[in-house]
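The primary structure of each chain is shown beneath.
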Amino acid sequence: AQSVSQHNHHVILSEAASLELGCNYSYGGTVNLFWYVQYPGQHLQLLLKYFSGDPLVKGIKGFEAEFIKSKFSFNLRKPSVQWSDTAEYFCAVNDPGTGRRALTFGSGTRLQVQP
Amino acid sequence: DAGVIQSPRHEVTEMGQEVTLRCKPISGHNSLFWYRQTMMRGLELLIYFNNNVPIDDSGMPEDRFSAKMPNASFSTLKIQPSEPRDSAVYFCASSVNRGGTDTQYFGPGTRLTVL
C-alpha cells in the first residue's frame, strides 16, 4: 500500500525566511502528487498538484514543488514566508495506475510563522 | 461557484445515538470521497463513489458506518450506534474523474463529538 512521509512535524520560521517541507512517497509507479493547506479551523485547500510534465510545479500564494522521481520526493518550497502562511500542510498522493484514486495523506507539517 | 457543502458543521451527540452527516458535491463532479481526520490517525479515506456507485469502502471502520449516494448531488455518512472513538472531523471531497488526473476539492468538514 502507498504511504507518504512528512518528516517535519512542526516548523517555526520568522517572516521572510525560506521554507522547504519534505514529502516522500513509497510507490514507484505512476503517481499524482498534491500539496494541500489547512488554515486553522478551515478545510483543506489545494496549493498545487503534479500529474506529469515539468517536474517543477508552481501553485498559489508563491508556493512551488519539485517532483524528483528517483528520490520519490515532492518537496514544497517558498522563498519568503509570511505570517499568513501559518497553517498545516499536507502532502498527498494517489495511484492512477492501480486505479486507486483516493488520496493517501502524509501526517502533516504544522508551520508557524513568527512576525 | 459553490464548493462542496457539508452539514452539519458541528455535531455533538451521546454515545449510542445515530449520527448522519451530509454532503453535496460540486455540480458536475462525478466522484465523491469521505475522509476522516483524527489526531492519532491523520487523514484517511473512508469510502469513495464514482457515478454514485461505491468503489472503495476499505476504509470504513466497521458495520456501524454506512454511506450512501442516492443521486449525483447528495451523499450521506451514517454512524449507528456512535461511540466516543468516532469523534473526528469528517471531510467530503468531490472531483471529476478524468481517467486518473482528477483533483479533489474538499468541503468544510463536520466536527463530530461523541460524548
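Higher on the page you've got the structure.
Read on for a plain summary of the structure. (Residues numbered from 1 in each chain as written. Chains lettered and ligands numbered in written order. Predicted model: local features only at pLDDT ≥ 70, side-chain atom pairs only at ≥ 80, totals over all residues. Heavy atoms only, no water.)

1. Thoughts on unusual backbone geometry
Reasoning step 1: For the bond running from serine 7 of chain B to proline 8 of chain B, omega is -10 degrees, close enough to zero to count as cis.
Reasoning step 2: Residue glutamine 80 of chain B is joined to proline 81 of chain B through a cis peptide bond whose omega torsion reads -5 degrees.
Reasoning step 3: Positionally, proline 81 of chain B belongs in the loop between β8 (74-79) and β9 (88-95).
Reasoning step 4: Although it is not a glycine, alanine 16 of chain A adopts a positive phi angle of roughly 80 degrees.
Reasoning step 5: Residue placement: alanine 16 of chain A occurs in the loop between β2 (10-14) and β3 (19-21). (Helix = DSSP H or I, 4+ residues; strand = E, 2+ residues; numbered from the N terminus.)

2. Concerning the pattern of salt bridges
All names here are of chain B.
Reasoning step 1: Going through the model one piece at a time under the given rule, you end up with 14 salt bridges over all chains.
Reasoning step 2: As a salt-bridge pair, glutamate 18 and lysine 78 come within 3.9 Å of each other at their nearest N and O atoms. In this pair, glutamate 18 sits in the loop between β2 (10-13) and β3 (19-24) while lysine 78 sits in strand β8, placing the two residues 60 residues apart along the sequence.
Reasoning step 3: Exposure remark for lysine 78: the relative accessible area of 30% places this residue in the partly exposed category.
Reasoning step 4: For glutamate 83, the salt bridge is made with arginine 85, and the minimal N-O distance between the two is 2.6 Å. (Salt bridge = Lys/Arg side-chain N within 4 Å of Asp/Glu carboxyl O. Buried < 20%, exposed > 50% of the residue type's maximum accessible area, 1.4 Å probe, protein only.)

3. Observations concerning the packing of aromatic side chains
Reasoning step 1: One pass over the full model with this rule turns up 16 aromatic pairs over all chains.
Reasoning step 2: Between the aromatic rings of phenylalanine 33 of chain B and tyrosine 35 of chain B, the centroid separation amounts to 6.2 Å while the plane-to-plane angle is 20 degrees, which identifies the pairing as stacked.
Reasoning step 3: Through a chain of ring-to-ring contacts, the aromatic side chains of Phe34, Tyr36, Phe51, Phe90 and Phe105 of chain A together with Phe33, Tyr35, Tyr48, Phe91 and Phe106 of chain B assemble into a single cluster. (Phe/Tyr/Trp six-rings, centres within 6.5 Å; stacked < 30°, edge-to-face > 60°.)

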